[in-house]
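Summary of the model geometry
If you want the building blocks of each chain, they are given just below.
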Amino acid sequence: MIPNTTAGAAGAGRAAPFRIKITVLALAIFLGTYFVLAVGGFPGLRLDRTGAAIIGASLMIGLDVLTFDEAMQAVDYSTLVLLLGMMIVVANLRLSGFFRLVASWAVRHAHVPTTLLGAVVAVAGVLSAFFVNDTICLVLTPLVLEVTERLRRNPLPYLLAIAMAANAGSVATLTGNPQNMMIGSLSGLSYRAFATALAPVAAFSLVITFLVIMLMFPGEFRREHIEIPEVRIRINRVLMWKALAISSGMIAMFFSGWPVAKVAIVAGALLLITKRVKPEKVYHEIDWQLLIMFAGLFIVVAGFEKTTFEEDIIAFASRFRLDHIPVLAAFSAAISNVVSNVPAVLLFAPLVRRLADPATGWLALAMSSTLAGNLTLVGSVANLIVVERARLHVRISFWDYLRVGLVVTFLTVTWGVLWLSLARKWLP
């Protein structure tokens, strides 16, 4: 039987315009979504980043760029489950008063301004490494405002320390911030391997943050004795010890190599079994908008990956040698400050997967996208939380933040690049 080549050619001819149409639609949806992510809204409309992700994902499905099944497969449910589990654990610790208790104890033992700054940096950094930096900023900001107001100190350097130390400390582990959680799921890196590689970066970045802020505000940190006032804290001791026990077990299992998402959601589920806390209080602490934005962005990026433009971008990026850590870190830091770090990580994901050493690429991406959040006031959600919670007491201008953040970001990212470049041969 002779094959009908004419019909085959006609079918191919019809398929070509269809592919072009899909490519154009996918590119338009992708660019529109990332435009809103970059500017924080759409001119003339009440549209936020979460709304943009929902609309972008819906258009990818509705305009047949992706089938419904393809869209569902594009969502990385491990990331969402990990984030939800950590939110429940952190919510219980916060409701119990644990974070405020630790911060108050550390601050109360500071007797000179320099020690007070060190306490703020240490508490914000260490707690953010394990319990998500945004939450630590929510807890610490009102406490620091209360203390500095009673002492009649300048609150600005201490508020900057909260935001910058929270970002720097969150570099250390997969549960430090949302973009690290996403990288953990996409890369397959273990909790221990990630912490071994980036905990030294986080630790030294906290030292840099402390020193830069101290030097930038010489008048505030003259050596003089201060007496920190007692701060009233409401503690739910039963809930606190229960949450601490489960959190400790969860972190131990993380380091032992158990699946991070599974452990986190089970820990969160165990904390929901309680007589003392209304579940509505826990649900109120969960950032549902962030979870929805993640799901939407997974679908938007999957639609973009169906176009030929992804291959073009990969070819273009290869000219800049993204397999070199300094180059990847520089691009990541720049784009993270344009569209925010979570969308930037998703944007870089296809490029990092194709690197000769993807493991080091993922680590460099996590380090640079997180530390780049210290560059400007809008560089990370943690910064915005501090500014918004403090605005009734003190105004933090864009310049107030930039003049310190520029130095901190340059020094910490440079240190991260040097560390990963030197240590990549023996890192797990």
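Here, every reference points to the structure presented above.
Heads up: these notes are all about the structure in this document. (Residues numbered from 1 in each chain as written. Predicted model: local features only at pLDDT ≥ 70, side-chain atom pairs only at ≥ 80, totals over all residues. Heavy atoms only, no water.)

Before going further, it helps to examine unusual backbone geometry. Its identity is not glycine, yet Asp64 carries a phi of approximately 65°, on the positive side. Residue position: Asp64 is located in the loop between helix H2 (49-62) and helix H3 (68-74). Of note in this structure, Val132 is not a glycine but carries a positive phi near 70°. Structurally, Val132 is set in the loop between helix H6 (113-131) and helix H7 (133-151). Note on Val132: relative accessible area 11%, which makes it buried. (Helix = DSSP H or I, 4+ residues; strand = E, 2+ residues; numbered from the N terminus. Buried < 20%, exposed > 50% of the residue type's maximum accessible area, 1.4 Å probe, protein only.)

A word on the packing of helix H18 (residues 358-371) against helix H20 (residues 398-423). For the pair H18 and H20, the least separation of the axes is 9 Å and the interaxial angle reads 170°. One way to sum up the angle between H18 and H20 is to call them roughly antiparallel. Side by side, H18 and H20 meet where Leu363, Ala364, Met367 and Leu371 of the first sit next to Thr409, Thr412, Val413, Gly416, Val417 and Leu420 of the second. Within the contact of H18 with H20, the residues separate by chemical class into seven nonpolar, three polar and no charged. (Axes fitted to C-alpha atoms, helices over the stretch in contact; angles between N-to-C directions. Parallel < 35°, antiparallel > 145°, perpendicular 65-115°, else oblique. Contact = heavy atoms within 4.5 Å. Nonpolar A, V, L, I, M, F, W, Y, C, P; charged D, E, K, R; others polar.)

On inspection of all chains with the given rule, the structure shows nine aromatic pairs. The positively charged end of Arg403 is found above the aromatic ring belonging to Phe217, 4.9 Å away from the centroid. (Phe/Tyr/Trp six-rings, centres within 6.5 Å; stacked < 30°, edge-to-face > 60°. Lys NZ or Arg CZ within 6 Å of the ring centre and 35° of its normal.)

Let's shift gears to the environment of Asn180. Mapped onto the fold, Asn180 is located in helix H9 (residues 178-187). Sequence separation of Asn180 and Thr79 is 101 residues, and the distance between their C-alpha atoms is 9.6 Å. Contact partners of Asn180, with chain neighbours within four places excluded, come to Ser170, Val171, Thr173, Leu174, Phe194, Ala366 and Thr370. Here Ser170 takes part through its backbone oxygen, which lies 3.0 Å from a polar atom of the side chain of Asn180. Polar contacts involving the side chain of Asn180 include one to the main-chain carbonyl oxygen of Thr173, which spans 2.9 Å. (Polar contact = N/O pair within 3.5 Å; in protein donor to acceptor, adjacent residues only side chain to side chain.)

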